[in-house]
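Reading the structure
Spelled out, the chains give:
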Amino acid sequence: MKSAIRVLLAVAVGTLLTSQGMAQSLGVNFLGRNATTTLARTETAGVVAQPNWVPVPGEPFAGTSASLTDSTGAFTGTKLIYECNDSWSSDGPTITANDRLMKGIIKANPNPDDDDSVGGTSYIYFTFTNLDIQGVFDVIAYTTHNGAGAQANLRVIGTTYYVTEQAAFAGTFIQGTATSSATRTEANYVRWNDVTPSADGTLQIVANKNIVPGESADGIGVAGIQLIKKSGTWTVNTDMPVI
């Protein structure tokens, strides 16, 4: 009996450690508007495929999420603060899990159309809070838009990637690697490697629309964000869990 109890305790402790300290990713999926984009918790999607994507509604356009779950479904202490001024859906299908990940978008929709002021309507801000300050993460931002040709600039700390967004996800993930606006290419995701949170435990992603006179696209879109934990732990959730 004592041996059985010890085994059960070991399994329980191992499960707890795995859920709180060993999980490898955390993903947020923006649902947008005008389409069915929700991923089932068991569906895997993304460049680094994971289940348990956390849905963020298309409205309101700014807010703070509840405590986020990691790829095992365990609650963490991390939340997402997001600030934009629009949401919608891209022009792609909703057949596969990756299709739905890339369908709904949170948007920067400049108003007026030539507003390129820093912090203005051409900008989107995402801030993850309460991360392990000793942790190291890769950050993936998924980009698409309802209309071709939108030019997006996406920054984490000192590195900016320049992409032209697709109007529809065609089934293949294409990484944007241009760090100069002169070499901008069409892509549907960008990735920053080995990112360390700030001393206050935050990590910010900034996206802004590159204003092109006469362009038909009404903004830029971000479909999802993924944190890949390479070292450290997820902080412990102290809020009442909300599913």
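Everything that follows concerns the structure shown earlier in this document.
The rules behind the values
- Residues numbered from 1 in each chain as written.
- Predicted model: local features only at pLDDT ≥ 70, side-chain atom pairs only at ≥ 80, totals over all residues.
- Heavy atoms only, no water.
- Core = buried A, V, L, I, M, F, W, Y, C linked by side-chain atoms within 4.5 Å.
- Buried < 20%, exposed > 50% of the residue type's maximum accessible area, 1.4 Å probe, protein only.
- Helix = DSSP H or I, 4+ residues; strand = E, 2+ residues; numbered from the N terminus.
- Contact = heavy atoms within 4.5 Å.
- Pairing = 2+ DSSP bridges.
- Axes fitted to C-alpha atoms, helices over the stretch in contact; angles between N-to-C directions.
- Salt bridge = Lys/Arg side-chain N within 4 Å of Asp/Glu carboxyl O.

Attention now moves to the nonpolar core. Membership of the largest hydrophobic core comes to 36 residues, with the highest contact counts inside it found for Phe30, Phe126, Phe128, Leu154, Trp192, Ile205 and Val222. Per element, the largest residue contribution to this core is 4 residues, and it comes from strand 14 (residues 220-231). If we ignore the near neighbours within four places in the chain, the residues touching Ile205 are Ile124, Tyr125, Phe126, Phe128, Val139, Arg155, Val156, Trp192 and Ile225. Listed in part, the 13 residues of the second largest apolar core include Trp53, Ile140, Phe169 and Ala223.

With mixed pairing, the 7 strands of this open sheet are ordered in space as 3-4-7-13-9-10-11. The open sheet is flanked by strand 3 (62-64) and strand 11 (185-187), the only strands paired with a single partner. On average, adjacent strands in this sheet sit at an angle of 25° to one another, irrespective of strand direction. Two elements, strand 4 (residues 79-83) and strand 7 (residues 123-129), share 5 bridges in a ladder whose sense is antiparallel. Opposite Lys79, over in strand 7, you have Thr129 as the bridge partner.

Along the chain, Asn208 falls in strand 13 (residues 203-209). Those residues within four positions of Asn208 in sequence are excluded, and the remaining contacts are Ser122, Tyr123, Gln151, Ala152, Asn153 and Ile220.

All right, on to the pairing of strand 14 then. With 10 of 12 residues buried, strand 14 lies mostly within the body of the structure. Where strand 1 (residues 25-30) and strand 14 come together, 5 bridges link them in antiparallel fashion. Bridged to Gly27 within strand 14 is Gln226. One ladder, built from 3 bridges, connects strand 6 (residues 104-108) with strand 14; its direction is antiparallel. Paired with Lys107 across the two strands is Gly221, which belongs to strand 14. Relative to strand 14, strand 8 (residues 136-143) runs antiparallel, the two sharing 8 bridges.

This next bit is on the pattern of salt bridges. All chains considered together, the criterion is met by 6 salt bridges. A salt bridge links Lys107 to Asp218; the nearest nitrogen and oxygen atoms lie 2.7 Å apart. With a gap of 111 residues between them, Lys107 in strand 6 and Asp218 in the loop between strand 13 and strand 14 connect regions that are remote in the sequence. Owing to a relative accessible area of 1%, Lys107 belongs among the buried residues under this scheme. In this structure, Lys230 engages Asp138 in a salt bridge whose closest nitrogen and oxygen atoms are separated by 3.5 Å.

Relative to the helices and strands, Asn29 resides in strand 1. Residue classification places Asn29 among the buried positions, given a relative accessible area of 1%.

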